[in-house]
Amino acid sequence: MAQVFRLVRERTERGETTIEVVYGITSLGRVVGDAARLLRLSREHWGIENGLHYPRDETFREDRCRVRRGNAPRVLASVRNVALHLLRTTDHPSLPAATREMVARPELAVGMLKTVPSTSE
């Protein structure tokens, strides 16, 4: 542990402002890990969390998956990533809306798979 930092987050949602104070520990010293870099690293972390992990868990309930053996968890995570990518290419306003549409009309999902270019050609 090289330093401890404090991050104050202010968020306004539906007209209500909340302030959250969080603390972190880093192995980066003050020379390499100045305030601007620590803030950037924190934002990058949450960008990944909000952009990938949260949608996989909320849309596909990944954290509730009971598959634990062999390569199956990694394979399922890869399949979920592909599915999220495909769902994001649709014109739906959200991932849940796109998922509901694909569940209700599976021929659309199959059609999406048919339009993906093959890498074996």
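Below you will find a few notes about this structure.

Calculation notes
- Residues numbered from 1 in each chain as written.
- Predicted model: local features only at pLDDT ≥ 70, side-chain atom pairs only at ≥ 80, totals over all residues.
- Heavy atoms only, no water.
- Helix = DSSP H or I, 4+ residues; strand = E, 2+ residues; numbered from the N terminus.
- Rg over C-alpha atoms; globule rule 2.2 N^0.38 Å.
- Contact = heavy atoms within 4.5 Å.
- Areas by Shrake-Rupley, 256 points an atom, 1.4 Å probe, with all protein chains shown as cover.
- Lys, Arg positive; Asp, Glu negative; His and termini not counted.
- Charge placed at Lys NZ, Arg CZ, Asp CG, Glu CD.
- Buried < 20%, exposed > 50% of the residue type's maximum accessible area, 1.4 Å probe, protein only.
- Polar contact = N/O pair within 3.5 Å; in protein donor to acceptor, adjacent residues only side chain to side chain.
- Core = buried A, V, L, I, M, F, W, Y, C linked by side-chain atoms within 4.5 Å.
- Pairing = 2+ DSSP bridges.
- Axes fitted to C-alpha atoms, helices over the stretch in contact; angles between N-to-C directions.
- Parallel < 35°, antiparallel > 145°, perpendicular 65-115°, else oblique.
- Nonpolar A, V, L, I, M, F, W, Y, C, P; charged D, E, K, R; others polar.
- Salt bridge = Lys/Arg side-chain N within 4 Å of Asp/Glu carboxyl O.

Regarding the overall build of the protein
1) Next: Scanning the protein from N- to C-terminus turns up four helices and two strands.
2) Next: Listing each helix as α and each strand as β along the protein from the N terminus yields β-β-α-α-α-α.
3) Next: For the protein, the C-alpha radius of gyration of 20 Å lies well beyond 14 Å, the compact-globule estimate for 121 residues.
4) Next: For the protein, restricting intrachain contacts to residue pairs at least 6 apart in sequence, the fraction spanning at least 24 positions comes to 36%.
5) Next: Accessible surface for the protein amounts to roughly 9800 Å². Of this, 55% is attributable to carbon and sulfur atoms.
6) Next: Within the protein, one finds 20 positive and 15 negative side-chain charges whose respective centroids are separated by 6 Å.

Side note on helix α3 (residues 95–104)
1) Next: Considered for burial, the residues of α3 that qualify are Leu95, Ala97, Ala98, Thr99 and Met102.
2) Next: Capping the start of α3, Ser94 holds a side-chain oxygen 3.2 Å from the backbone nitrogen of Ala97, two or three residues further along.

Quick word on the nonpolar core
The tendency in soluble globular proteins is for nonpolar side chains to be buried as a group.
1) Next: Among the nonpolar cores identified, the biggest contains seven residues, and these are Leu84, Leu86, Leu87, Leu95, Ala98, Met102 and Met112.
2) Next: Where this core is concerned, the elements lending two or more residues are α2 (72–88) and α3.
3) Next: Sequence-distant contacts of Leu95, that is, excluding residues within four places in its chain, are made with Pro55, Thr59, Leu84, Leu87 and Arg88.

Brief notes about the pairing of strand β1 (residues 3–13)
1) Next: Relative to strand β2 (residues 16–26), β1 runs antiparallel, the two sharing eleven bridges. Paired with Val4 across the strands is Ile25, a residue of β2.
2) Next: In sequence, β1 turns back onto β2 through a hairpin of two residues, with Arg14 there showing a positive phi of about 55 degrees.

Focus on the packing of α2 against α3
1) Next: In the contact formed by α2 and α3, the axes pass within 9 Å of each other and the chain directions differ by 95 degrees. If you check the angle between α2 and α3, you find them roughly perpendicular. For the pair α2 and α3, the contacting residues are Leu84, Leu87 and Arg88 in the first and Leu95, Ala98, Thr99 and Met102 in the second.
2) Next: Class assignment for the residues of the contact of α2 with α3 results in five nonpolar, one polar and one charged.

Focus on the pattern of salt bridges
1) Next: For the structure shown, the criterion picks out seven salt bridges.
2) Next: A salt bridge links Glu101 to Arg105; its shortest N-O distance comes to 3.0 Å.
3) Next: Judged by relative accessible area, which is 24%, Glu101 ranks as partly exposed.
4) Next: The class of Arg105 is partly exposed, set by a relative accessible area of 38%.
5) Next: In this structure, the salt-bridge partner of Glu107 is Arg105, at a minimum N-O distance of 3.4 Å.
6) Next: For Glu107, a relative accessible area of 48% corresponds to the partly exposed category.
7) Next: Linked by salt bridges that have partners in common, Arg56, Glu62 and Arg80 make up one network.

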